[in-house]
Amino acid sequence: MNNKPFDVTALGELLVDFTQNGLSEQGNLLFEANPGGAPANVLAMLCKLDKRCAFIGKVGRDAFGELLAETVSGLGVDTRGLKRDAGIPTTLALVHTLPGGDRDFSFYRKPGADILLSAEELDEELLTGCRIFHFGTLSLTDEPVRSATRAAVKQAREAGALISFDPNLRAPLWRSMDEAKAAIRWGLGQCDILKIADNELEFMTGETDFDRGAALLRAEYPNIRLVNVTAGADGSYSYYGAFRVFVSACRLGGVVETTGAGDTFCACVLNYVLENGLDGLAETQLAEMLRFANTAAYLVTTRKGAIRSMPERTQVEALLR
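Keep in mind that this is a model prediction, so the values were computed, not measured.

**Some words on unusual backbone geometry**
That bond from K110 to P111 is cis: its omega, -5 degrees, falls within 30 degrees of zero. Residue P144 is reached from E143 by a cis peptide bond, and omega for that bond is 5 degrees. Examined against the element boundaries, P144 turns out to sit in the loop between β8 (130-136) and α4 (145-158). In this model, D50 sits at a positive phi of 65 degrees, which is unusual for a non-glycine residue.

Following this line, the structure appears as structure tokens:
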């Protein structure tokens, strides 16, 4: 599997996050246009770690679409799988920063270009030629991208790729939370590697205790070989085989906002799997993986935006030292 042309291929949303950036002279909110989208954020961090990445998705044939295509391509991501729609604009999100750095999202996506990716537009080489295929649930909210996502997962798995899944629950994008839960259940049933946030774990299991919630998921979905639970400013947990590992978060202050932190964490986990495999991981290795991922995620929270805020490996390693 190491001789495949791509380490990670990701499919999903590529959008512009309009993030609060102060007030105008008239007292109006100012917003900065930050390239983003969870799967693309993951690839951005992986490129910082010198991994070969490819993206599959759709943007509008507009100024925002061109900005996104140039940004992702400039990172070194292969964008042959990025399609343009001449009739529907690029998806936009307004990110309202809350006290403590958390966020509230408003989406302009009814429709947005990302949901119009069809199965017929998938690039087979990007799916059969990757070691890991990564996706989330924003590409499961609507057709035709839902069918495209399912087809992509099937192709990648049949070609021997590991499947990585991050629910990335965004409630405003779902017609009902029952529909969201069903989509997450489908994703859980497909993946080898799961990154799930604390609120998503509670949503899916009803458990606020991470150990019990993770145990319920692992019992219902034995296909998941590595479960990682992120708990915000507290830290993160890893469940693998008989091991349960917790590593506290980096708490040096200076948090601006948390956009992209979970995606950065996810990318670092995938990077560790690429470099160490998914078989026979030791407890010490899981702790090493979480320490690096937590530190990288912290660095992203000290900056605005996501794709252009990813740290270099040397910056993460320096902070770890």
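**Examining the environment of I132**
Take I132: it is sitting in strand β8. Each C-alpha atom of the pair I132 and Y240 lies 18 Å from the other, and the pair is 108 residues apart in sequence. Among residues more than four places away in sequence, those in contact with I132 are D7, V8, T9, A161, L162, S164, L270, V273 and L274.

**Notes on the packing of aromatic side chains**
Within the structure shown, the criterion is met by seven aromatic pairs. Arranged with centres 5.6 Å apart and planes meeting at 85 degrees, the rings of F18 and F64 form a pair that is edge-to-face. With F18 in strand β2 (residues 15-23) and F64 in helix α2 (residues 63-74), this pair connects stretches of sequence that are 46 residues apart. Look at F135 and W186: their rings are 5.9 Å apart centre to centre, the planes differ by 65 degrees, and that puts the pair in the edge-to-face class. Placement of F135 in strand β8 and of W186 in helix α5 (residues 177-188) is noted, with a sequence separation of 51 residues between them. Three or more aromatic residues link up through ring pairs in this structure, and these residues are F133, F135, F165 and W186. Directly above the ring of W186 sits R150, whose terminal nitrogen or CZ lies 4.6 Å from the centroid. In this structure, K181 is placed above the aromatic ring of F203, and the distance from its NZ or CZ to the ring centre is 4.7 Å.

About the thresholds
- Residues numbered from 1 in each chain as written.
- Predicted model: local features only at pLDDT ≥ 70, side-chain atom pairs only at ≥ 80, totals over all residues.
- Heavy atoms only, no water.
- Helix = DSSP H or I, 4+ residues; strand = E, 2+ residues; numbered from the N terminus.
- Contact = heavy atoms within 4.5 Å.
- Phe/Tyr/Trp six-rings, centres within 6.5 Å; stacked < 30°, edge-to-face > 60°.
- Lys NZ or Arg CZ within 6 Å of the ring centre and 35° of its normal.

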